[in-house]
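Spelled out from the first residue to the last, the chains are:
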Amino acid sequence: QLQVVESGGDLVEPGGSLTLSCTTSGFALDGYAIGWFRQGPGDHQGSGLEREAVLCISFEDNSPFYQSSVKGRFYITRDNTKNTVYLQMNLLQPEDTGLYFCAVINMATMSPESSWGQGTQVTVSS
């Protein structure tokens, strides 16, 4: 069973940095794709359709997808020994605020193949 748990969200000032963690279990990262998604303030907790893909990567071929607003600021790294994928967020802006989720995804469709976790809240504000 593919499972993920997000953590690391916090309140940070504009221009700051934050690293989110996606701890996985039930599979090895190689051969899978991981996506980070954001649910903005006011979006309803529903089927996940309101969640926008922020940054996704296939660990099969290391091909990434970046939302244009985060390119050059957000990066994905991983630690295979900890089965953890990290979202490094730099130069944070208020519009980056939201509830962040990670998921195992189908890279072609950006659709999740794991259950959604609880997410981790990122708030960018002075």
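On a predicted model such as this, the values are computed, not experimentally measured, just so you know.

Draft legend 1. How the structure looks around the sheet that holds strand β3 (residues 18-25). One open sheet holds the four strands; their spatial order is β1-β3-β8-β7, and the pairing between them is antiparallel. For this open sheet the edge positions go to β1 (3-7) and β7 (74-79), each flanked by a neighbour on one side alone. The average angle at which neighbouring strand axes cross in this sheet is 20°, direction not considered. Where β3 and strand β8 (residues 84-89) come together, six bridges link them in antiparallel fashion. Within β8, the position partnered with cysteine 22 by the bridge is valine 85.

Draft legend 2. Main features of the pattern of salt bridges. Under the criterion given, the structure shown has four salt bridges. With a closest N to O distance of 2.7 Å, arginine 78 and aspartate 30 form a salt bridge. Of the two residues, arginine 78 sits in strand β7 while aspartate 30 sits in the loop between β3 and β4 (33-39), which places them 48 residues apart along the sequence. Overall, aspartate 30 belongs to the partly exposed group, its relative accessible area being 48%. Across the pair glutamate 52 and arginine 38 runs a salt bridge whose closest N-O atoms are separated by 2.9 Å. With glutamate 52 in strand β5 (residues 52-58) and arginine 38 in strand β4, the pair connects residues that are 14 residues apart, well separated along the chain. A residue is classified by how much of its surface remains accessible, and glutamate 52, at 35% relative accessible area, is partly exposed. The network of salt bridges with shared partners includes Arg38, Glu52, Arg73 and Asp96.

Draft legend 3. Quick look at the state of the cysteines. Here the structure, examined in full by the defined rule, presents one disulfide. Sulfur of cysteine 56: no disulfide; nearest cysteine sulfur belongs to cysteine 102 and is 11 Å away.

Draft legend 4. Region of interest: the packing of aromatic side chains. A full pass over the atoms with the stated rule returns three aromatic pairs. Consider the rings of phenylalanine 27 and tyrosine 32, whose centres lie 4.9 Å apart with planes at 55°: the pair is tilted. Judged by relative accessible area, which is 9%, phenylalanine 27 ranks as buried. By relative accessible area, which is 29% here, tyrosine 32 ends up partly exposed. A cation over an aromatic ring shows up here: arginine 51 above the ring of tryptophan 116, its NZ or CZ 4.5 Å from the ring centre.

Draft legend 5. How the structure looks around the nonpolar core. Counting residues in each nonpolar core, the largest one holds 26 residues, and the members touching the most others are Trp36, Phe74, Leu87 and Tyr100. At the level of secondary structure, the elements contributing two or more residues to this core comprise β3, β4, β5, β7, β8, β9 (98-106) and β11 (120-124). Aside from chain neighbours lying at most four places away, what touches leucine 87 is Leu18, Thr19, Leu20, Trp36, Leu55, Phe74, Tyr75, Ile76 and Tyr100. Residues Ala33, Cys56, Ala103 and Ile105 belong to the second largest nonpolar core, which totals six residues.

About the criteria used
Residues numbered from 1 in each chain as written. Predicted model: local features only at pLDDT ≥ 70, side-chain atom pairs only at ≥ 80, totals over all residues. Heavy atoms only, no water. Pairing = 2+ DSSP bridges. Helix = DSSP H or I, 4+ residues; strand = E, 2+ residues; numbered from the N terminus. Axes fitted to C-alpha atoms, helices over the stretch in contact; angles between N-to-C directions. Salt bridge = Lys/Arg side-chain N within 4 Å of Asp/Glu carboxyl O. Buried < 20%, exposed > 50% of the residue type's maximum accessible area, 1.4 Å probe, protein only. Disulfide = S-S within 2.5 Å. Phe/Tyr/Trp six-rings, centres within 6.5 Å; stacked < 30°, edge-to-face > 60°. Lys NZ or Arg CZ within 6 Å of the ring centre and 35° of its normal. Core = buried A, V, L, I, M, F, W, Y, C linked by side-chain atoms within 4.5 Å. Contact = heavy atoms within 4.5 Å.

Everything listed here is a matter of coordinates, which is why it stays silent on function.
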